[in-house]
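# Analysis of the macromolecular model
Residue-level listing of the chains:
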Amino acid sequence: MRRALAEAERAASAGDVPVGAVLLGPDGTELAAAHNEREATGDPTAHAEILALRRAAEAVGEWRLTGCTLVVTLEPCTMCAGALVQSRVARVVYGAHDEKAGAAGSLWDVIRDRRLNHRPEVVAGVLEDDCATRLTAFFRTL
Ligand SMILES: [Zn+2]
């Protein structure tokens, strides 16, 4: 999560909402890291999780990220939650809860919806205070 927070910092310095993500392989090695790049690229789908999934899939050479873990500083939104299910990651670890848009337990629980045939494990609230503080500080400056 500290590595994901460092990525979040890079987003903030580019004017993007500070969210960072790291994708770990089944053995714990880092496959990809990314930060929110919506402002930087003008791409509405350029959330940290989506970019990390794309980069990791490119690194391993296939779309299935079986056994992998995505670590992200903010609870995934519906788009990212859907992409995480599609990618078949084994685990999603997040820091701050997002009561307004979170889709991993707060507003919805897309990731663990029992109607889906793949449901990654969710670990919430890791370094939650650090992750939330970074976001709050960013929005205070706007
Ligand atoms: Zn998202």
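This text goes with the structure placed above it.
So, here is what we can say about the structure in this document.

Each regular strand displays side chains that alternate between the two surfaces of the sheet. The buried fraction of strand β3 (residues 69-74) is high, at 6 of 6 residues. Pairing between strand β1 (residues 20-24) and β3: 4 bridges, direction antiparallel. For A21, the partnering residue across the bridge sits in β3 and is V72. Each parallel crossover has a hand, and the one from β3 via helix α4 (residues 78-87) to strand β4 (residues 91-96) is right-handed.

A few words on the state of the cysteines. In this structure the tally under the stated criterion is 0 disulfides. Note on C131: no disulfide assigned, nearest cysteine sulfur contributed by C80 at a separation of 15 Å. By relative accessible area, C131 is classed as buried at 2%.

Before going further, it helps to examine the coordination of the zinc ion. Within the protein, the zinc ion binds to H47 (ND1), C77 (SG) and C80 (SG); these donor distances fall in the range 2.0 to 2.3 Å. In terms of primary sequence, the donors binding the zinc ion are separated according to H-x29-C-x2-C. Linking H47 in the loop between α2 (38-41) and α3 (48-60) with C80 in helix α4, this pair joins segments that are 33 residues apart in sequence.

This next bit is on the environment of L116. Position of L116 among the secondary structure elements: in the loop between β4 and β5 (121-124). Separated by 31 residues in the primary sequence, L116 and V85 have C-alpha atoms spaced 8.5 Å apart.

A word on the pattern of salt bridges. For the coordinates displayed, the defined rule picks out 10 salt bridges. Note that R134 and E9 form a salt bridge whose closest N and O atoms lie 2.7 Å from each other. Here the residue R134 occupies a position in helix α5 (residues 128-141), and E9 occupies one in helix α1 (residues 2-13), the gap between them amounting to 125 residues. When salt bridges that share partners are traced, they join R3, E7, R10 and E30 into one network.

Inspection of every chain in the model, using the stated rule, returns 1 aromatic pair. Centre to centre, the rings of F138 and F139 are 5.4 Å apart; their planes meet at 80°, and the pair counts as edge-to-face. A relative accessible area of 44% means that F139 is categorised as partly exposed.

A few words on the packing of α1 against α5. Between α1 and α5, the least distance of the axes is 11 Å, while the angle of their chain directions is 5°. Viewed along their axes, α1 and α5 adopt a mutual orientation that is roughly parallel. Packed against α1, whose contacting residues are R2, L5, E9 and A12, the element α5 presents D130, C131, R134 and F138 at the interface. Residues of the contact of α1 with α5, tallied by class, amount to 4 nonpolar, no polar and 4 charged.

Here we come to the pairing of β1. Counting buried positions over the 5 residues of β1 gives 4, a clear majority of the element. For β1 and strand β2 (residues 30-35), the ladder comprises 5 bridges, and the chain directions are antiparallel. Each bridged residue has a counterpart across the sheet, and for V22 the counterpart in β2 is A33.

Scoring rules and cut-offs
Residues numbered from 1 in each chain as written. Predicted model: local features only at pLDDT ≥ 70, side-chain atom pairs only at ≥ 80, totals over all residues. Heavy atoms only, no water. Buried < 20%, exposed > 50% of the residue type's maximum accessible area, 1.4 Å probe, protein only. Helix = DSSP H or I, 4+ residues; strand = E, 2+ residues; numbered from the N terminus. Pairing = 2+ DSSP bridges. Right-handed = clockwise from strand over helix to strand, strands pointing away. Disulfide = S-S within 2.5 Å. Donors = N, O, S within 2.8 Å, 3.2 Å for Na, K, Ca; no water. Salt bridge = Lys/Arg side-chain N within 4 Å of Asp/Glu carboxyl O. Phe/Tyr/Trp six-rings, centres within 6.5 Å; stacked < 30°, edge-to-face > 60°. Axes fitted to C-alpha atoms, helices over the stretch in contact; angles between N-to-C directions. Parallel < 35°, antiparallel > 145°, perpendicular 65-115°, else oblique. Contact = heavy atoms within 4.5 Å. Nonpolar A, V, L, I, M, F, W, Y, C, P; charged D, E, K, R; others polar.

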